[in-house]
Amino acid sequence: MNLHDTKTWEIAAGAAALAGAAALGAWMILRKRPSENELELARRAFLSQSGRIVDGTLLDVHQVPAEDGRTLTMLLYGYVIGGVDYQCSQDITQMREIIDAAQVRAGFPCSVRYQPGSPQNSIVIAEKWSGLRVKLSIQPGAQSTKATPNAQTQ
């Protein structure tokens, strides 16, 4: 009788393993996969929260035709990390309410957030962070000084 009980347990364990594998397979097939926009939103959120910041330069803003007929607005920028030059682009098409592409000027400095283990994974603009600078700052030594007459000297 022990042999019969052992076979029953083996059959029950096999059936449970088969049901578990079938449930996992059904979940893998039927689950909702994130869209490209959701993946990009998650990437920007990750970098804006945990990315390191480095100085960069805005290179250009391009309109690029996509495969589906849309026109993508790409922000091109460059930065240097550890002596290595990186030139990257960021799709800013979905962020029209955050940034006006006409306001971006090539050659202006910017701040770039990048992933430390993968420096090519970088952004300049996110929903809650922007590395764009509104205007160029004037360096203290670059200001012109006027000679002012001194008060009476004794």
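Structure report, in brief.

Rules of the game
Residues numbered from 1 in each chain as written. Predicted model: local features only at pLDDT ≥ 70, side-chain atom pairs only at ≥ 80, totals over all residues. Heavy atoms only, no water. Core = buried A, V, L, I, M, F, W, Y, C linked by side-chain atoms within 4.5 Å. Buried < 20%, exposed > 50% of the residue type's maximum accessible area, 1.4 Å probe, protein only. Contact = heavy atoms within 4.5 Å. Helix = DSSP H or I, 4+ residues; strand = E, 2+ residues; numbered from the N terminus. Pairing = 2+ DSSP bridges. Phe/Tyr/Trp six-rings, centres within 6.5 Å; stacked < 30°, edge-to-face > 60°. Lys NZ or Arg CZ within 6 Å of the ring centre and 35° of its normal. Salt bridge = Lys/Arg side-chain N within 4 Å of Asp/Glu carboxyl O.

**Concerning the nonpolar core**
One finds Leu58, Leu75, Tyr77, Tyr79, Val112, Val124 and Ile125 to be the most contacted residues of the largest nonpolar core, which totals 17 residues. Once residues lying within four places of it in the same chain are set aside, the contact partners of Leu75 are Leu58, Asp60, Val61, Cys88, Ser89, Gln90, Ile92, Val104, Val124 and Ile125.

**Focus: the pairing of strand 4 (residues 109-115)**
Of all seven residues in strand 4, five are buried, a share of seventy percent or more. Sheet topology places strand 1 (residues 52-65) next to strand 4; six bridges connect them, and they run antiparallel. Across the sheet, the residue bridging to Val54 is Val112, located in strand 4. Where strand 4 and strand 5 (residues 118-123) come together, three bridges link them in antiparallel fashion. Each residue of the ladder has a partner; that of Gln115, found in strand 5, is Ser118.

**Some words on the pairing of strand 3 (residues 84-91)**
Alignment of strand 2 (residues 71-81) against strand 3, held across eight bridges, turns out to be antiparallel. Bridge pairing in strand 3 links Tyr77 to Cys88. In this structure, the hairpin formed by strand 2 and strand 3 is closed by a connection of two residues, where Gly82 is found at a positive phi of approximately 60 degrees.

**Concerning the packing of aromatic side chains**
Taken as a whole and assessed by the stated rule, the structure comprises two aromatic pairs. A centroid spacing of 6.0 Å and a plane angle of 20 degrees characterise the contact between Tyr77 and Tyr79, whose relative ring orientation is stacked. The same class applies to Tyr77 and to Tyr79, which are both buried. Ring geometry for Tyr79 and Tyr86: centres 5.4 Å apart, planes at 15 degrees, overall stacked. One exposure class covers both Tyr79 and Tyr86, and it is buried. If you follow Arg31 out to its NZ or CZ, it ends over the ring of Trp27, 5.4 Å from the centre. For Arg113, the ring lying beneath its charged end belongs to Trp129, and the centroid distance is 4.8 Å.

**Some words on the pattern of salt bridges**
Scanning the model with the defined rule gives six salt bridges in all. Where salt bridges share partners, they join Glu40, Arg43, Arg44 and Glu127 into one cluster.

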